[in-house]
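As a plain string of letters, each chain reads:
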Amino acid sequence: MANASIEIGGVVFAGTINGPIYGKCVRQETLSVGDTTTTMTDAISATDQDHTYQGSIFARLAVDVDAYYAVGSTLDPTKTDFDANSSARRFLGAGSEIPVAMYLGDKIAVIAAS
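Below: a short report on this structure. Remember, it's a predicted structure, so these values are computed and weren't measured experimentally.

**Quick look at the overall build of the chain**
What the chain contains, in helices and strands, is one helix and eight strands. Of the regular secondary structure in the chain, the N- to C-terminal order runs β-β-β-α-β-β-β-β-β. In the chain, buried positions account for 36% of the 114 residues. Here the analysis covers contacts within the chain between residues at least 6 apart in sequence; of these, 67% occur between residues at least 24 apart. Accessible surface, the chain: about 6,300 Å² in total, of which carbon and sulfur atoms supply 51%.

**A look at the pairing of strand β8 (residues 107–112)**
Across two bridges, the pairing between strand β3 (residues 38–39) and β8 is antiparallel. When the bridges of β8 are listed, Thr39 appears paired with Ala109.

**Overview of the side chain of Ser86**
Take Ser86: it is sitting in the loop between β5 (67–72) and β6 (90–92). At a separation of 3.4 Å, a polar atom in the side chain of Ser86 contacts the main-chain amide nitrogen of Asp76. Discounting residues that sit within four places of it in the chain, Ser86 has contacts with Ala70, Val71, Gly72, Thr74, Leu75 and Asp76.

About the criteria used
- Residues numbered from 1 in each chain as written.
- Predicted model: local features only at pLDDT ≥ 70, side-chain atom pairs only at ≥ 80, totals over all residues.
- Heavy atoms only, no water.
- Helix = DSSP H or I, 4+ residues; strand = E, 2+ residues; numbered from the N terminus.
- Buried < 20%, exposed > 50% of the residue type's maximum accessible area, 1.4 Å probe, protein only.
- Contact = heavy atoms within 4.5 Å.
- Areas by Shrake-Rupley, 256 points an atom, 1.4 Å probe, with all protein chains shown as cover.
- Pairing = 2+ DSSP bridges.
- Polar contact = N/O pair within 3.5 Å; in protein donor to acceptor, adjacent residues only side chain to side chain.

As structure tokens, then:
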């Protein structure tokens, strides 16, 4: 079964050249990646934010299959344009990971790339 792993946590920036240093993981969720959209169970909350460095929330998104993902409150990872509730889709190749900035109320949704 194809999966996406989402690790929610904080981040400390070590400088513009060195990039971020990730802090503790607040929670983790695994989503199935298939032909229909799968969305995180719980949105980013004030509790998540309270347990991070200076309230900065990042997710580490990793997939084991080619996938599209979107970030927002009402998500559609097939959209090619953003709106107030969802980012435009982004492609993430199998075996890849990416840090994703998150805000209160945000979730991540994934769908297999076809």
